[in-house]
Amino acid sequence: MDVHFREFHGRYSPLFQSYSRSAGDKSLQYLKGLVQAKKKNMERMAEVVPFSDDQALQHFLTNSQWDEKLVVDQIAADANSYIGGKQDSCLIIDETGLPKKGDKSVGVKRQWCGQLGKVDNCQVGVFSALGYREDVTPVGFKLYLPEDWTDDEKRCKAAGIPNESVVFYTKHDLALQLVVEARKQGVQFGWVGADGFYGEDPAFLRSLDQMKETFMVDVHKNQYIFLENPEPVVPERTSNKGPAPKKLKAQTEPIRVDKWLECQPEEAWQRTFVRDTTKGKLLVDVLHELVWLWDGDETEANCWHLVVRREVEGNKVKFSLSNAPEDTSLERLIFMQAQRYWVERSFQDAKVECGLGDYQARKWRSWQHHMAMVMMAMLFLLEQRLFYRKDIPLLSCFDIVCILSFLLPQRAFITDEVFRQMEIRHKKRQSAIDSAYRKQLKE
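All values derive from a computational prediction rather than experimental measurement. (Residues numbered from 1 in each chain as written. Predicted model: local features only at pLDDT ≥ 70, side-chain atom pairs only at ≥ 80, totals over all residues. Heavy atoms only, no water.)

> Just checking my understanding: could you explain the layout of surface pockets for this structure?
In this structure, the largest pocket encloses a volume near 1500 Å³. If you go around the largest pocket, you meet 48 residues; those closest to its centre are Arg 275, Ala 338, Tyr 341, Trp 342 and Arg 345. Along the lines of polarity and charge, the residues of the lining of the largest pocket split into 21 nonpolar, 8 polar and 19 charged. Space inside the second largest pocket adds up to approximately 780 Å³. As for the second largest pocket, its lining consists of 29 residues, and the residues nearest its centre are Glu 68, Lys 142, Glu 181, Trp 364 and Gln 368. Taken together, the elements giving at least two residues each to the lining of the second largest pocket come down to helix 5 (68–83), strand 4 (135–143), helix 8 (171–184) and helix 14 (364–388). (1 Å grid on protein atoms, 1.4 Å probe; cavity = no way out; pocket = protein on both sides within 12 Å on 5 of 7 lines; lining within 4 Å. Points joined across faces, edges and corners; volume = space filled by probe spheres on them. Nonpolar A, V, L, I, M, F, W, Y, C, P; charged D, E, K, R; others polar. Helix = DSSP H or I, 4+ residues; strand = E, 2+ residues; numbered from the N terminus.)

> Help me out: how do you make sense of helix 13 (residues 340–354) in this one?
One turn of the α-helix equals 3.6 residues, which is why residues spaced by three or four share an orientation. Between its first and last C-alpha atoms helix 13 spans 20 Å; for 15 residues at 1.5 Å apiece the expected length is 21 Å, and the two agree. For helix 13, the set of buried residues is Arg 340, Trp 342, Val 343, Ser 346, Phe 347, Ala 350, Glu 353 and Cys 354. Gly 355 sits one or two residues past helix 13 and shows a positive phi near 75 degrees. (Expected span 1.5 Å × (residues − 1). Buried < 20%, exposed > 50% of the residue type's maximum accessible area, 1.4 Å probe, protein only.)

> Whenever I open this one, a positive patch on the surface confuses me. Can you help?
Together, Lys 104, Lys 154, Arg 362 and Lys 439 make up a region of like positive charge exposed at the surface. Along the chain, the position of Lys 104 falls in the loop between strand 1 (89–99) and strand 2 (109–113). Judged by relative accessible area, which is 53%, Lys 104 ranks as exposed. (Patch = residues over 30% accessible without salt bridge, like charges linked within 9 Å, V, L, I, M, F, W, Y side chains within 5 Å. Areas by Shrake-Rupley, 256 points an atom, 1.4 Å probe, with all protein chains shown as cover. Salt bridge = Lys/Arg side-chain N within 4 Å of Asp/Glu carboxyl O. Lys, Arg positive; Asp, Glu negative; His and termini not counted. Charge placed at Lys NZ, Arg CZ, Asp CG, Glu CD.)

> What exactly am I supposed to notice about the packing of helix 13 against helix 14 here?
Geometry of a packed helix pair, given as the angle between the helix axes and the separation of the axes. Two elements in contact, helix 13 and helix 14, have axes separated by 10 Å at closest approach and are oriented at 110 degrees. Viewed along their axes, helix 13 and helix 14 adopt a mutual orientation that is roughly perpendicular. The chirality of how helix 13 crosses helix 14 is right-handed. Residue-level contacts link Ser 346, Asp 349, Ala 350 and Cys 354 of helix 13 to Val 374, Ala 377, Met 378 and Leu 381 of helix 14. Residues of the contact of helix 13 with helix 14, tallied by class, amount to 6 nonpolar, 1 polar and 1 charged. (Axes fitted to C-alpha atoms, helices over the stretch in contact; angles between N-to-C directions. Parallel < 35°, antiparallel > 145°, perpendicular 65-115°, else oblique. Left-handed = near helix turned anticlockwise from the far one by under 90°. Contact = heavy atoms within 4.5 Å.)

> Explanation requested: the environment of Arg 340 in the structure shown.
Take Arg 340: it is sitting in helix 13. Since its relative accessible area comes to 10%, Arg 340 is described here as buried. In sequence terms Arg 340 and Gly 193 are 147 residues apart; their C-alpha atoms lie 7.0 Å from each other.

> Is there a simple way to explain helix 8 in this structure?
The end-to-end C-alpha separation of helix 8 is 20 Å, in line with the 20 Å expected for 14 residues at 1.5 Å each. Those residues of helix 8 lying buried are Lys 171, His 172, Leu 174, Ala 175, Leu 176, Leu 178, Val 179 and Ala 182. Those residues of helix 8 hidden inside the fold are in contact with strand 1, strand 3 (118–132), strand 4, strand 5 (191–194), helix 9 (196–199) and helix 10 (202–210). Gly 186 sits one or two residues past helix 8 and shows a positive phi near 85 degrees.

> Even after reading the chapter, I still don't get the state of the cysteines, so can you show me in this structure?
Here, disulfide denotes a covalent bond that connects the sulfur atoms of two cysteines. Applying the stated criterion across every chain, the model contains 0 disulfides. With no disulfide of its own, Cys 122 lies 4.2 Å from the sulfur of Cys 113, the closest cysteine sulfur. Residue class for Cys 122 comes out buried when judged on its relative accessible area of 0%. The thiol of Cys 402 is not disulfide-bonded; the next cysteine sulfur, from Cys 397, is found 11 Å away. Here Cys 402 falls in the partly exposed class, since its relative accessible area comes to 31%. (Disulfide = S-S within 2.5 Å.)

> What is the right way to look at the pattern of salt bridges in this model?
Opposite charge on two side chains lets them pair, provided their charged atoms get close. Per the counting criterion, the structure on display carries 26 salt bridges. Between Arg 11 and Asp 78 there is a salt bridge whose closest N-O contact spans 3.3 Å. In this pair, Arg 11 sits in helix 1 (residues 2–17) while Asp 78 sits in helix 5, placing the two residues 67 residues apart along the sequence. Here Arg 11 falls in the partly exposed class, since its relative accessible area comes to 39%.

So, in structure tokens, the structure goes:
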């Protein structure tokens, strides 16, 4: 496996060495640090990766001029060669909040952080991941910049944000950009998936539909649907007084999906197999209905699938909408709906095993560079799982990281080295204490 690791990096090394030989060397050290160090910051990486230095690693991340886009494009191409272009290949959009302290880290703000389950100080990244059943790896990312940032030119300049990137985009905008970029990269997938945050925006679903992308996107319980085609028309004028009607009006009344659900008899639910799991077969109860969606402005409503999934044990219910062909089977729709599970697992692996949220990157370039390196690490883990699947079918990302932590060379942990590293930590800690006192005296 260590030989595979070196060969893997060798494929990507030219993308770094084209800028400098040291960037190629440091990219290997950083990649090793992401899988070897228990905590994925510069100091902990330098403590385990031979011949590395935390300041040199920080320079590689923040100041080195290598182009992360070239790296990401190659990752997307390699991922596509493994798991793209298949009937069950899909592109899943997801966001993740990355807790950060202070107000200097690029894009940081008090906002919803899914990792913490509350509003807190964090950065938010929107990611795209290519999936084929249980095999998933990220292929794109965008940093969300709140308006507090894009409206503050001085703050953006201090964080190193390029002028062309100082534009406010909603997370839904960023998600659509990732879909477009994936297609430009040649990534092949059958549908786009996303959670209820993206499904709550009608424009997001309609944009995907207009882009000729099949989607399976969750929606919230307050989603309105039409059970019959609303056939919007401009009402005829009934009086000579006032201006003539111009606004379209639906000919039928909408209903919330949760209210519609309350009217469904128990016998309407169908028990459906989803997949095999470590705890046996996963079965769910499902409802399916063709419904219409209309935003109040379109001349015609959209006829889409409403898929409702209920846990066999428990009352948790999930609503999803899909513009898949009308004759798509219920089993297929449920399969598509269930694929987000693997993406959530993949992001958990990225955070725990590859340092997705455990980094020291305040500026724009360093954030972009770190995410590209994490994507490299995740692609390597995918390659290893695929390579060993026949002989080790249960091989996990955790297993691979554990194996590499022993196989890859490490700094010799003799007594002198342990104390040397402790002294370095103490010097940095004392420097921080002294700096705080000096600042306090000035005040």
